[in-house]
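# Descriptive structure summary
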Amino acid sequence: MTETPTPSKQAHQLVEAADNLFTTGVMSHSGHANLSARLDGDRFLLTPGFVRGLRPEHLATVSLDGQLLEGELRSVSTEIIAMHSAVYRARPQVGAIIHTHSPAATAFAVAHRPLPCRTEPMLRFGQPEDVPVVPWGPRGSDVSVRGIADVLRLRPTTSAVLLANHGLLVFGPDSPATAHLVVAIEESAEAELAAAALGGAVDFPAGALEAVRASIARVAS
Ligand SMILES: [Zn+2]
């Protein structure tokens, strides 16, 4: 009999982040999402193909080269292992990845329009630049995964990409921070769409990021 390991801190944080996506209202009608959290250089935890009612023991452990090491995965999750691996390989400092079909962000993805950074939460929570669009390919396909890797190479500081005709992919140091950024991006996308009816959103003045950083530093000191 195999011993059930104690769920790690990463597992608890990932489950909490998944719940957070529902309570903040950033999920699409389908409730579709997949989340992962890095365990070490070669392995990460991955949601099994559902996120509603998720518990730490539901999470699978997979290797960066796509082997299922522990737990079970539905086919929908097997398909997207390579999408998560590509980000972990490209960004050694990334500790968690969240993919959703958040409706307003997905509108930008469907329109092939990068999402500008024009709201304070997006500026503060890890995406002080526009969210680029990755060309479409079937999810988890070589075309899609290569497209993600290419955009990450071209945009070394972005913490999110829009998957054309599909949805949103966000990554950060851990699951809580990554979930925060998903919410900030979805709110920004909603605000952009609403502001379009009022003549359009307006850019921050020059030096906005530096001003926010200085403000954060003042409070922290
Ligand atoms: Zn998807």
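Note that the coordinates shown come from a computational prediction; the quantities given were computed from them, not determined experimentally. (Residues numbered from 1 in each chain as written. Predicted model: local features only at pLDDT ≥ 70, side-chain atom pairs only at ≥ 80, totals over all residues. Heavy atoms only, no water.)

## A word on the coordination of the zinc ion
Put simply, the test is: Coordinating donors are taken to be N, O and S atoms lying within 2.8 Å of the metal, or within 3.2 Å when the metal is Na, K or Ca; because water is excluded from the atom set, some sites may appear incomplete. Working definition: helices are DSSP H or I runs of at least four residues, strands are E runs of at least two. Numbering for both runs from the N terminus. Note on exposure labels: buried denotes an accessible area under 20% of the residue type's maximum, exposed denotes more than 50%, and partly exposed covers the range between, all computed with a 1.4 Å probe on protein chains only.
Around the zinc ion, the protein contributes the donor atoms H99 (NE2), H101 (NE2) and H166 (NE2), at 2.1 Å from the metal centre. Along the chain, the residues donating to the zinc ion are arranged with the sequence spacing H-x1-H-x64-H. Note that H99 is positioned in strand β5 (residues 96-100) and H166 in the loop between β7 (160-163) and β8 (167-172), a separation of 67 residues in sequence. For H166, a relative accessible area of 17% translates into the label buried.

## Description of the side chain of E129
What counts is decided by this rule: In the analysis that follows, any N or O atom pair within 3.5 Å is treated as a polar contact, provided that within protein one partner can donate a hydrogen and the other can accept it, and provided that, for residues neighboring in sequence, both atoms belong to side chains. When checking whether two residues touch, look at their non-hydrogen atoms; a contact exists if any pair is within 4.5 Å.
Take E129: it is sitting in the loop between α4 (120-124) and β6 (133-134). Residue classification places E129 among the buried residues on the basis of a relative accessible area of 17%. Separated by 2.6 Å, the side chains of E129 and R155 make a polar contact. Beyond its immediate sequence surroundings of up to four residues, E129 is in contact with C117, M122, R155, T157 and T158.

## Notes on the packing of helix α1 (residues 9-23) against helix α6 (residues 175-196)
Packed helix pairs are specified by the crossing angle of their axes together with the interaxial distance, meaning the distance between the axes. Put simply, the rule reads: Helix axes are fitted only over the stretch in contact, all axes being lines through C-alpha atoms; the angle between N-to-C directions runs from 0 to 180 degrees. In what follows, roughly perpendicular refers to angles from 65 to 115 degrees, roughly parallel to angles under 35, roughly antiparallel to angles over 145, and oblique to any angle outside these ranges. Put simply, a crossing is left-handed when the front helix is turned counterclockwise from the back one by less than a right angle, and right-handed when it is turned clockwise. Three classes are used: nonpolar for Ala, Val, Leu, Ile, Met, Phe, Trp, Tyr, Cys and Pro, charged for Asp, Glu, Lys and Arg, and polar for all others, with Gly counted as polar.
α6 packs onto α1 with a crossing angle of 15 degrees between their chain directions and a minimal axis gap of 8 Å. The pairing of α1 with α6 is recorded here as roughly parallel in orientation. In terms of crossing hand, the pair formed by α1 and α6 is right-handed. Residue-level inspection shows Q13, L14, A17, N20 and L21 of α1 in contact with α6, the latter providing S175, P176, A179 and V182. A per-class count over the contact of α1 with α6 returns six nonpolar, three polar and no charged.

## Here's the deal with the environment of L123
Turning to its location among the elements, L123 is positioned in helix α4. Look at L123 and you get buried, because its relative accessible area is 6%. L123 sits 86 residues away from L209 along the chain, and the two C-alpha atoms are 6.7 Å apart. If sequence neighbours within four positions are ignored, L123 has contacts with C117, P128, F204, A208, L209 and V212.

## Re the side chain of S36
The residue S36 is located in strand β1 (residues 33-38) in this model. Overall, the relative accessible area of 1% leaves S36 in the buried class. Of the polar contacts made by the side chain of S36, one reaches the side chain of H84; its length is 2.7 Å. Within the structure, the side chain of S36 is placed 2.7 Å from the side chain of Y88, a separation counted as a polar contact.

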